[in-house]
Amino acid sequence: MSVSTVSFGAWAIGGFWGPVDDGESVQALHAAIDSGVNFIDTADVYGDGRSERLIAQLRRERPGETIWVATKAGRRLDTQTADGYTRENLTQWVDDSLRNLDVDTLDLLQLHCPHPDVYDRPEVFGILDDLVSAGKLRYYGVSVETVDEARRAIRYPNVQSVQIIFNMLRLKPADEFFPFAAATGVGVIARVPLASGLLTGKMHSGSRFADDDHRAFNREGERFDKGETFSGVPYDVALEVVADLRMLCPPGMTLAQFALRWILMSPDVTCAIPGAKTAQQARENAAAADLDDLSPAVMAQVRQLYDARVRKVVHAQW
Ligand SMILES: NC(=O)c1ccc[n+]([C@@H]2O[C@H](COP(=O)([O-])OP(=O)(O)OC[C@H]3O[C@@H](n4cnc5c(N)ncnc54)[C@H](OP(=O)(O)O)[C@@H]3O)[C@@H](O)[C@H]2O)c1
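Below, the structure is looked at part by part.

The rules behind these values
- Residues numbered from 1 in each chain as written.
- Predicted model: local features only at pLDDT ≥ 70, side-chain atom pairs only at ≥ 80, totals over all residues.
- Heavy atoms only, no water.
- Axes fitted to C-alpha atoms, helices over the stretch in contact; angles between N-to-C directions.
- Helix = DSSP H or I, 4+ residues; strand = E, 2+ residues; numbered from the N terminus.
- Parallel < 35°, antiparallel > 145°, perpendicular 65-115°, else oblique.
- Left-handed = near helix turned anticlockwise from the far one by under 90°.
- Contact = heavy atoms within 4.5 Å.
- Nonpolar A, V, L, I, M, F, W, Y, C, P; charged D, E, K, R; others polar.
- Near = heavy atom within 4 Å.
- Polar contact = N/O pair within 3.5 Å; in protein donor to acceptor, adjacent residues only side chain to side chain.
- Areas by Shrake-Rupley, 256 points an atom, 1.4 Å probe, with all protein chains shown as cover.
- Core = buried A, V, L, I, M, F, W, Y, C linked by side-chain atoms within 4.5 Å.
- Buried < 20%, exposed > 50% of the residue type's maximum accessible area, 1.4 Å probe, protein only.
- Pairing = 2+ DSSP bridges.

Direction vectors running N to C along helix H1 (residues 22-34) and helix H11 (residues 279-286) enclose 25°, while the axes themselves pass 7 Å from each other. Classified by the angle their axes make, H1 and H11 are roughly parallel. Here H1 runs over H11; the crossing is right-handed. When H1 is examined against H11, the residues Gln-27, Ala-28, Ala-31 and Ala-32 are found in contact with a partner set consisting of Ala-279, Ala-282 and Arg-283. Grouping the constituent residues of the contact of H1 with H11 by class yields five nonpolar, one polar and one charged.

Right, let's talk about the packing of helix H9 (residues 235-248) against helix H12 (residues 296-314) for a bit. Packing of H9 against H12 brings their axes to within 11 Å, and their N-to-C directions diverge by 165°. Relative to H12, the element H9 lies roughly antiparallel. Pair H9 / H12 crosses with right-handed handedness. Mapping the contact onto sequence places Val-237, Glu-240, Val-241, Asp-244, Leu-245 and Leu-248 in H9 and Val-298, Gln-301, Val-302, Leu-305, Arg-309 and Val-310 in H12. Across the contact of H9 with H12, the residue classes break down as eight nonpolar, one polar and three charged.

This part covers the site of the ligand. What surrounds the ligand is a group of 31 residues, the closest being Asp-41, Ser-143, Lys-202, Arg-215 and Lys-277. In the environment of the ligand, an oxygen atom lies 2.6 Å from a nitrogen or oxygen atom belonging to the side chain of Lys-277. In the environment of the ligand, a nitrogen atom lies 3.0 Å from a nitrogen or oxygen atom belonging to the side chain of Asn-285. For the ligand, whose unbound accessible area comes to 890 Å², protein coverage reaches 94%. Sort the elements by how many residues they give to the shell around the ligand and H11 lands first, with three residues. Partitioning the shell around the ligand into residue classes produces 13 nonpolar, 10 polar and eight charged.

Grouped together as the largest cluster of nonpolar side chains are 98 residues, with contacts concentrated most on Phe-8, Phe-125 and Phe-258. Sort the elements by how many residues they give to this core and helix H10 (residues 255-264) lands first, with eight residues. When neighbours within four sequence positions are excluded, Phe-258 is seen to be in contact with Met-168, Leu-245, Leu-248, Cys-249, Pro-250, Met-253, Leu-294, Val-298 and Val-302.

With that settled, consider the sheet that holds strand S8 (residues 271-272). Pairing within the open sheet is parallel, and its eight strands lie in the order S1-S2-S3-S4-S5-S6-S7-S8. With partners counted over all chains shown, the strands left at the sheet margins are strand S1 (8-9) and S8, one partner each. For strand S6 (residues 159-165) and strand S7 (residues 187-191), the ladder comprises five bridges, and the chain directions are parallel. Bridge assignment links Ile-165 to a residue of S7, and that residue is Arg-191. Running over the sheet, helix H2 (residues 50-61) touches strand S2 (39-41), strand S3 (68-73) and strand S4 (106-112) and is turned about 165° from S3. Across the sheet, helix H4 (residues 122-133) lies against S4, strand S5 (137-143) and S6, angled at about 155° from S5, the strand it touches most.

Counting buried positions along S3 yields five of six residues, so the element is predominantly enclosed. Where S2 lies against S3, three bridges are found, and the strand directions are parallel. Bridge pairing in S3 places Phe-39 opposite Trp-68. Here four bridges tie S3 to S4, and the two strands are oriented parallel to one another. Bridge pairing links Ala-70 to Leu-108 in S4.

Printed below as a string of structure tokens:
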């Protein structure tokens with residue numbers, strides 16, 4: 001698969017991000033494809049299939065166009081345990097995604113931040129190999145929480161991709177995982193590239209979020225890993241850092257585009273998958289793929305900011 005460097009993350013159009021309108025979500029998907037995006041990341045649990053079904057609708061409305069879709073499985077377990085990754089469960093989750101996406105084969109299935117013990121269970125990866133042989137999966141990969149998990153995942157030779165949080169507030173993967181991914185030829189999918197919207201610069205101390213938006217209910221990890229919300233950086237710390245990043249943003253690009261362009265400066269990243277709820281957001285994000293490179297001086301200043309202000313609150317945890 002040859003995928004767009006700025007692709008599309010379809011969590012927000014499924015659920016847990018406040019109210020969303022399906023018509024507007026489909027318009028956002030179309031705007032992304034019109035802007036050169038050819039790869040969409042989703043999961044079975046995003047709105048209990050809602051996100052996958054909207055993507056199926058998009059594909060029906062664009063016959064003949066190449067639109068790769070990565071989905072995920074594993075989060076339908078009530079409690080994360082390695083024992084939950086049985087042949088029966090994995091087959092059921094894959095069959096449900098095939099039905100929601102209205103396809104015979106999934107382009108890429110990712111284990112969805114599985115229990116850490118799964119990485120020591122070769123039999124789980126053997127089941128995925130069997131699902132490839134059965135024609136239900138074209139490829140499989142893993143979405144991970146930590147750099148350590150990423151390195152453990154790529155010991156399995158048929159893991160084709162690793163999805164990991166990588167953005168201006170999360171630099172560790174560049175230092176401690178990307179060299180390993182490059183050496184094995186594994187694709188790197190950079191998720192949460194805008195730190196849940198923080199890196200667009202639109203948030204402030206008085207910003208309010210709907211009750212069913214994880215930015216209201218998961219800041220301390222109440223429902224899932226707190227790193228998935230604002231990258232796990234305390235909100236007040238992140239706002240201060242974003243104010244400094246604003247000063248580094250080159251003219252001619254928005255802060256969101258600066259954040260995405262910064263990710264693409266890492267040659268080992270296959271793509272970033274910013275979420276978008278509207279056509280305007282999708283277009284703005286996709287346009288980052290065509291912007292000029294950032295200067296070495298700006299890259300160094302972003303790293304200095306991370307080392308001085310952010311490293312201490314995230315580096316050891318993920
Ligand atoms: N465990 C996992 O595997 C996992 C976990 C998290 C994410 N992901 C994947 O990674 C993707 C990206 O991460 P994410 O969606 O969590 O976070 P993100 O991409 O950092 O932030 C997305 C949110 O930022 C806001 N936004 C996006 N573009 C904008 C723009 N140009 N201007 C202003 N606001 C903008 C939108 O929300 P508002 O308009 O409401 O602010 C959007 O939903 C997800 O969609 C999902 O596919 C996977």
